Amino acid sequence: MPSTQTVTVTYLFDPLCGWCYAAAPALQHLQGVEGMDVALAPTGLFAGAGARPMDAQFATYAWANDQRIQQLTGQPFTQAYRDHILGAEGGRFDSGPATLALTAVAQTAPERELDALHALQHARYVEGRDNADPAVIAEVLRALGLPEAAALALAPDTALRRATAERTATAQATLRAVGARGVPQLVVTGQGGALRLLGGDALLGPREQLVALVRAAAAA
């Protein structure tokens, strides 16, 4: 029998996006399906010009949104997160350091990038550890057995910064190409290389339906 043809699924996301955290179980499921290749594409949505101070007004907005996500998806947002991340004096909402770190993982242990993303999300939303802090990021990566990526996250060089900028630019171009705004988004490469947008909602529905949607988009 012929082997199953590999389907490339591009996941457009930001490490500080609460809805992207909600999609983590679906991404894990897709990664485990034979013939599915999940490619991470960080968009830099909350990095650079998209970063901002974690002031009281924004913290209140974020917590209300996070509670809605938890009610709809079951993904936990703990009191430790509320106290130590949203309530941190002088905190920053900046996905730049985590995006750099994920690119470091992509360069040194690409098969572990989704693991690293989920670990960084868990550190923030469950453990209340600041995944915008390079020192915290490095600890998370070392705990995953990724010392090379951890070292790069602590002291990113010019090559890593350039690779991250190129990667986010490509992700943003993909968003524009499929006419999408915001994250998470799921894009399937169909016949002849055509890009098929499934959208983020597909990640929050039944797992079997998600797999069926991906396969249908790939065959279109």
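Note that this is a predicted model, so its numbers are computed, not measured. (Residues numbered from 1 in each chain as written. Predicted model: local features only at pLDDT ≥ 70, side-chain atom pairs only at ≥ 80, totals over all residues. Heavy atoms only, no water.)

Caption draft 1: Region of interest: the packing of aromatic side chains. Under the criterion given, the structure shown has 10 aromatic pairs. Centre to centre, the rings of tyrosine 11 and phenylalanine 13 are 5.2 Å apart; their planes meet at 5°, and the pair counts as stacked. The buried category is assigned to tyrosine 11, whose relative accessible area is 1%. Look at tyrosine 81 and tyrosine 125: their rings are 5.1 Å apart centre to centre, the planes differ by 65°, and that puts the pair in the edge-to-face class. Here the residue tyrosine 81 occupies a position in helix H4 (residues 79–86), and tyrosine 125 occupies one in helix H6 (residues 113–125), the gap between them amounting to 44 residues. Within the aromatic cluster, the residues linked to one another by ring pairs are Tyr21, Trp63, Phe77, Tyr81 and Tyr125. (Phe/Tyr/Trp six-rings, centres within 6.5 Å; stacked < 30°, edge-to-face > 60°. Buried < 20%, exposed > 50% of the residue type's maximum accessible area, 1.4 Å probe, protein only. Helix = DSSP H or I, 4+ residues; strand = E, 2+ residues; numbered from the N terminus.)

Caption draft 2: Focus on helix H2 (residues 24–31). Taken together, the buried positions of H2 are Ala24, Ala26, Leu27 and Leu30. For H2, the arc enclosing every buried residue in end-on projection is 160°, short of the 170-degree limit, so these residues lie on one face. Buried residues along H2 sit against strand S1 (7–13), helix H1 (18–22), strand S2 (36–42), H6, strand S5 (185–189) and helix H10 (207–219). (Arc of directions from axis to C-beta. Contact = heavy atoms within 4.5 Å.)

Caption draft 3: Structural detail: the nonpolar core. Grouped together as the largest cluster of nonpolar side chains are 55 residues, with contacts concentrated most on Tyr11, Leu30, Leu141 and Val214. Those residues in contact with leucine 30 that sit more than four places away from it in its chain are Val9, Met36, Val38, Leu186, Leu210, Val211 and Val214. With 15 residues, the next largest nonpolar core counts Leu16, Ala22, Phe58 and Leu86 among its residues. (Core = buried A, V, L, I, M, F, W, Y, C linked by side-chain atoms within 4.5 Å.)

Caption draft 4: Structural detail: the packing of helix H3 (residues 56–73) against H4. One can describe the packing of H3 onto H4 by two numbers: an axis separation of 11 Å at closest approach and a directional angle of 160°. Accordingly, the angle class assigned to the pair H3 and H4 is roughly antiparallel. Crossing angle aside, the handedness with which H3 passes H4 is right-handed. From H3, Ala59, Ala62, Trp63 and Asp66 reach across to H4, where they touch Tyr81, Arg82 and Leu86. Counted by class, the contact of H3 with H4 contains five nonpolar, no polar and two charged residues. (Axes fitted to C-alpha atoms, helices over the stretch in contact; angles between N-to-C directions. Parallel < 35°, antiparallel > 145°, perpendicular 65-115°, else oblique. Left-handed = near helix turned anticlockwise from the far one by under 90°. Nonpolar A, V, L, I, M, F, W, Y, C, P; charged D, E, K, R; others polar.)

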